[in-house]
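Structural features, examined
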Amino acid sequence: MNIILLGPPGAGKGTQARFLCEERDMIQLSTGDMLREAKDSGTEMGKIVADVMARGELVTDEIVIGLIREKLKGDKKGGFIFDGFPRTLAQADALSELLAEEGETLDAVIEMRVDDEALVSRIKARSTCGGCGDVYNDNTKPIPEDGKCSNCGGTEFKRRADDNEESLKQRLMEYYKKTSPLIGYYHAKGLLSSVDGLGEISAVKADIAKVLDA
Ligand code: AMP
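Thresholds, definitions, all that
Residues numbered from 1 in each chain as written. Predicted model: local features only at pLDDT ≥ 70, side-chain atom pairs only at ≥ 80, totals over all residues. Heavy atoms only, no water. Buried < 20%, exposed > 50% of the residue type's maximum accessible area, 1.4 Å probe, protein only. Helix = DSSP H or I, 4+ residues; strand = E, 2+ residues; numbered from the N terminus. Pairing = 2+ DSSP bridges. 1 Å grid on protein atoms, 1.4 Å probe; cavity = no way out; pocket = protein on both sides within 12 Å on 5 of 7 lines; lining within 4 Å. Points joined across faces, edges and corners; volume = space filled by probe spheres on them. Near = heavy atom within 4 Å. Polar contact = N/O pair within 3.5 Å; in protein donor to acceptor, adjacent residues only side chain to side chain. Areas by Shrake-Rupley, 256 points an atom, 1.4 Å probe, with all protein chains shown as cover. Nonpolar A, V, L, I, M, F, W, Y, C, P; charged D, E, K, R; others polar. Expected span 1.5 Å × (residues − 1). Arc of directions from axis to C-beta. Axes fitted to C-alpha atoms, helices over the stretch in contact; angles between N-to-C directions. Parallel < 35°, antiparallel > 145°, perpendicular 65-115°, else oblique. Contact = heavy atoms within 4.5 Å. Phe/Tyr/Trp six-rings, centres within 6.5 Å; stacked < 30°, edge-to-face > 60°. Lys NZ or Arg CZ within 6 Å of the ring centre and 35° of its normal.

By the alternation rule, side chains of strand E3 (residues 80-83) split into Phe80 and Phe82 and Ile81 and Asp83, which are all buried. Where strand E1 (residues 3-6) lies against E3, three bridges are found, and the strand directions are parallel. Looking across to E3, one finds that Leu5 is bridged to Asp83. Judged from the four bridges that link them, strand E2 (residues 27-30) and E3 form a sheet pairing that is parallel. Note on E3: the bridge partner recorded for Leu29 is Phe82.

It is worth spelling out the layout of surface pockets at this point. The computed volume of the second largest pocket comes to approximately 220 Å³. Around the second largest pocket sit Gln28, Leu29, Ser30, Asp33, Met34, Glu37, Ala38, Leu67 and Lys71, which together line it. When contributions to the lining of the second largest pocket are tallied by element, the ones reaching two or more residues are E2, helix H2 (31-40) and helix H4 (61-72).

Right, let's talk about the site of the ligand for a bit. Around the ligand sit 16 residues in total, of which Thr31, Arg36, Glu57, Gly84 and Gln91 are the nearest. Interatomic distance of 2.9 Å between a backbone N/O atom of Gly84 and a nitrogen atom of the ligand. Within the side chain of Arg160, an N or O atom sits 3.0 Å from an oxygen atom of the ligand. With the chains in place, 97% of the 480 Å² that the ligand exposes on its own is no longer accessible. For the shell around the ligand, the element with the highest residue contribution is H2, accounting for four residues. Classifying every residue of the shell around the ligand gives six nonpolar, four polar and six charged.

Our focus in this paragraph is H4. For H4, built from 12 residues, the straight-helix expectation of 16 Å at 1.5 Å per residue is met to within 8% by its first-to-last C-alpha distance of 16 Å. All of the buried residues along H4 are Val64, Ile65, Leu67, Ile68 and Leu72. Down the axis of H4, the smallest arc covering the buried residues is 155°, so these residues share one side. Within H4, the exposed residues directed more than 90 degrees away from the buried face are Glu62 and Glu70.

Turning next to the sheet that holds E1. Ordered in space as E2-E3-E1-E4-E8, the five strands form an open sheet in which the pairing is parallel. The open sheet has two edge strands with one neighbour each: E2 and strand E8 (192-196). Shown here is a sheet whose adjacent strand axes are inclined to one another by a mean of 25°, direction ignored. With four bridges connecting them, E1 and strand E4 (residues 108-113) associate as parallel partners.

On to the packing of H2 against H4. Interhelical geometry of H2 versus H4 gives an angle of 100° and a closest axis separation of 10 Å. Compared by their axis directions, H2 and H4 come out roughly perpendicular. Counted together, Thr31, Met34 and Leu35 of H2 and Ile63, Val64, Leu67, Ile68 and Lys71 of H4 form the full contact between these two elements. Broken down by class, the residue content of the contact of H2 with H4 amounts to six nonpolar, one polar and one charged.

Okay, the packing of aromatic side chains next. Enumeration according to the criterion identifies five aromatic pairs in this entry. On the basis of an interplanar angle of 50° and a centroid distance of 6.4 Å, the ring pair of Phe82 and Phe85 is categorised as tilted. Residue classification places Phe82 among the buried residues on the basis of a relative accessible area of 0%. According to the relative accessible area criterion, Phe85 is buried, its value standing at 0%. Residues Tyr136 and Phe157 carry aromatic rings whose centres are separated by 5.5 Å and whose planes lie at 90° to one another, so their mutual orientation is edge-to-face. Pair noted here: Tyr136 is in strand E6 (residues 135-137) and Phe157 is in strand E7 (residues 157-158), with a separation of 21 residues, a long-range link. On the accessibility criterion, Tyr136 (2% relative accessible area) is buried. The class for Phe157 is partly exposed, based on a relative accessible area of 23%. Among the aromatic residues, ring-to-ring pairing joins Phe80, Phe82 and Phe85 into one connected group. Here the basic side chain of Lys141 rests over the ring of Tyr136, its NZ or CZ set 4.8 Å away from the ring centre. One Lys or Arg, Lys205, reaches over the ring of Phe19 and ends 4.5 Å from the middle of that ring.

The values reported here are purely geometric and, on their own, carry no functional implication.
Have a look at this one:
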């Protein structure tokens, strides 16, 4: 089963993708994570995308499609979860072609609905474990009092460089302008389901499970 988690930054796509990996043996393909990795390891491509990412703009379709193309050739396990990809109609078209080349199909697109106010407060409060990438939130899922990640025991927590007010504004603008048209696109293809992304993490997880098990 191959699915897309669609939603603005801070909607909870990464958190839910991690559950699906653990429980359904799926593979999370987050273009944001791949680009951050390239940036941190200082590759040529990483250098090209660093400023664009810091500003909260989208990197070129060509770059992210190339990243996804590579990953689709690998082990498919229980299927792919596309997280933060596609973000433009051109990327959506490319994804259909890439999946077809691999003899795969897209089975569901789950839109995670959240309002802007909640996004801003979530993003300002979030951090991730440097060891395993588990996502924490100062208000709803604080880092344990002993300072250790409850998943891997790691003690280093990072805040993303682009989780600041200015770049967030730009990221939301990019989402509404370039990514939200995908909601209509996948609705027309009969693939779209929507869940309320504002609920408790466990409630959102249950709603997603309902869609996938239907
Ligand atoms: P994310 O972790 O998904 O919020 O992505 C972080 C940043 O990486 C975005 O603000 C973009 O600059 C870039 N990015 C990630 N995925 C894509 C994509 N599919 N298309 C274009 N830019 C992307």
